[in-house]
Amino acid sequence: MENVHVCDHPLVQHKISLLRDKNTGSKEFRELVNEISMFICYEATRDLPLKEVKIDTPLALADSKIISGRKVAFVPIMRAGLGMVDGALALVPAAKVGHVGIYRDKANGNTATEYYCKLPSDIKNREVIIMDLMLATGVSAVKTVDIVKNAGAKNIKFMCVLTCPEGIKALHDAHPDVEIVCGTIDSSLNEDLYIIPGIGDGGDRLFGTK
Ligand code: URA
């Protein structure tokens, strides 16, 4: 599938199986999301530009590389995307974090309404990685990319743990330039717009609400 990267590492797949299990409680669920997010972020940052530097080791001068150029901004979509932030920040501690809150109105044609937005002021100069636990209908993802692009960002990726063909199509129909980095592509959405087989309600499982 074009512009979609699935992290097929055995550790990611194993941890996703534990996430799926309905008997996995919130504490373990949060820990797993955190760990999986590190792996997915590792892939989402694979093409950050490097520059050559010279480093004095205790023994010699080394031709080495450090990350150069644009810096990173993470933008979790509330609420489930919040569960992915700590894992991503563990890999890129200098990243700035913006937040977007989207209310999805299922009764009104599954439309998306922004209820909160706070982005880094220099977001247009950053590599932006939007994150949500799931890319399901794509409605929230498309709206969030709209918001981030309106703020001037150009280099945008979307990372999620689970997605499905419907979500990928919706996001890429609207924003074909946005690479999706995910843990797995499940089979479909059901009539209640849950990913099948999925993990159930990701926000509820992360935060212990119901
Ligand atoms: N949101 C959820 O919490 N679960 C899904 O399966 C899809 C969207």
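This write-up is about the structure you can find in this document. All values reported here derive from a predicted model rather than from experimental measurement. (Residues numbered from 1 in each chain as written. Predicted model: local features only at pLDDT ≥ 70, side-chain atom pairs only at ≥ 80, totals over all residues. Heavy atoms only, no water.)

This part takes up the overall build of the chain. Summing up its helical and strand segments, the chain has six helices and 13 strands in all. Computed over C-alpha atoms, the radius of gyration of the chain comes to 18 Å, within 12% of the 17 Å expected from 2.2 N^0.38 for 210 residues, which places it in the range of a compact globule. The dimensions of the chain, computed from C-alpha atoms along their principal axes, are 65 × 40 × 30 Å. Looking at the chain residue by residue over its 210 residues, the buried ones come to 45%. Counting every atom, the chain has about 10800 Å² of accessible surface; 53% of that belongs to carbon and sulfur. One finds the centroid of the 25 positive side-chain charges in the chain at a distance of 5 Å from the centroid of its 27 negative side-chain charges. (Helix = DSSP H or I, 4+ residues; strand = E, 2+ residues; numbered from the N terminus. Rg over C-alpha atoms; globule rule 2.2 N^0.38 Å. Buried < 20%, exposed > 50% of the residue type's maximum accessible area, 1.4 Å probe, protein only. Areas by Shrake-Rupley, 256 points an atom, 1.4 Å probe, with all protein chains shown as cover. Lys, Arg positive; Asp, Glu negative; His and termini not counted. Charge placed at Lys NZ, Arg CZ, Asp CG, Glu CD.)

The next point concerns the nonpolar core. The biggest cluster of nonpolar side chains holds 34 residues, and the ones touching the most others in it are Leu19, Phe74, Met131, Leu133, Met159 and Val161. Mapped by element, the contributors of at least two residues to this core are α1 (10-20), α2 (26-44), β4 (71-78), α3 (85-91), β8 (126-131) and β10 (156-163). Counting residues per element, this core draws most heavily on α2, which supplies seven residues. If we skip the residues at most four places from it in the chain, Leu133 touches Phe29, Val33, Ala80, Gly81, Met84, Cys160, Val161, Leu162, Ile199, Gly202 and Leu206. Counting residues in each nonpolar core, the second largest holds 25 residues, with Ile130, Leu135, Val148 and Phe158 among its members. (Core = buried A, V, L, I, M, F, W, Y, C linked by side-chain atoms within 4.5 Å. Contact = heavy atoms within 4.5 Å.)

This paragraph deals with the layout of surface pockets. To find leftover empty space, a probe the size of one water molecule is rolled over the atoms. In this structure, the largest pocket encloses a volume near 630 Å³. Secondary-structure elements contributing two or more residues to the lining of the largest pocket are β4, β6 (99-105), β9 (134-135), α4 (139-150) and α6 (202-207). For the lining of the largest pocket, the residue count by class is 14 nonpolar, six polar and five charged. As for the second largest pocket, its lining consists of 16 residues, of which Leu48, Ile67, Arg70, Val72 and Val92 are closest to the centre. (1 Å grid on protein atoms, 1.4 Å probe; cavity = no way out; pocket = protein on both sides within 12 Å on 5 of 7 lines; lining within 4 Å. Points joined across faces, edges and corners; volume = space filled by probe spheres on them. Nonpolar A, V, L, I, M, F, W, Y, C, P; charged D, E, K, R; others polar.)

Another point: the environment of Tyr103. With respect to the element layout, Tyr103 can be found in strand β6. In this structure, the C-alpha to C-alpha distance between Tyr103 and Asp132, residues 29 residues apart in sequence, is 14 Å. With residues near it in sequence (within four places) discarded, Tyr103 still touches Thr111, Ala112, Thr113 and Tyr115.

Turning to the pattern of salt bridges, a few remarks are in order. Using the criterion set out here, one finds twelve salt bridges in the structure. The salt bridge involving Arg126 is made with Asp122; its shortest N-O contact spans 3.0 Å. Residue class for Arg126 comes out buried when judged on its relative accessible area of 5%. Where salt bridges share partners, they join Asp47, Lys157 and Glu179 into one cluster. (Salt bridge = Lys/Arg side-chain N within 4 Å of Asp/Glu carboxyl O.)

A separate point is the packing of α4 against helix α5 (residues 165-174). One way to put it is that α4 packs onto α5 with a least axis distance of 8 Å and a crossing angle of 25°. With respect to α5, the axis of α4 lies roughly parallel. For the element pair α4 and α5, the recorded crossing hand is right-handed. Contact residues: α4 offers Ala141, Val142 and Val145, while α5 offers Ala170, Leu171 and Ala174. A breakdown of the residues in the contact of α4 with α5 according to their chemical character gives six nonpolar, no polar and no charged. (Axes fitted to C-alpha atoms, helices over the stretch in contact; angles between N-to-C directions. Parallel < 35°, antiparallel > 145°, perpendicular 65-115°, else oblique. Left-handed = near helix turned anticlockwise from the far one by under 90°.)

Taken together, the neighbourhood of the ligand is formed by Met134, Ala136, Leu193, Tyr194, Ile195, Gly200, Asp201 and Gly202. In the environment of the ligand, a nitrogen atom lies 2.8 Å from a nitrogen or oxygen atom belonging to the backbone of Gly200. In the environment of the ligand, an oxygen atom lies 2.8 Å from a nitrogen or oxygen atom belonging to the backbone of Gly202. Burial of the ligand by the protein chains amounts to 87% of its free accessible area of 240 Å². Structurally, the ligand is housed in the largest pocket. (Near = heavy atom within 4 Å. Polar contact = N/O pair within 3.5 Å; in protein donor to acceptor, adjacent residues only side chain to side chain. Sits in = over half its atoms within 2 Å of the grid points.)

So, about the environment of Leu19. Residue placement: Leu19 occurs in helix α1. In sequence terms Leu19 and Gly202 are 183 residues apart; their C-alpha atoms lie 9.6 Å from each other. Apart from the residues within four sequence positions on either side, Leu19 is in contact with Phe29, Leu32, Val33, Ile36, Val161, Ile199 and Arg205.

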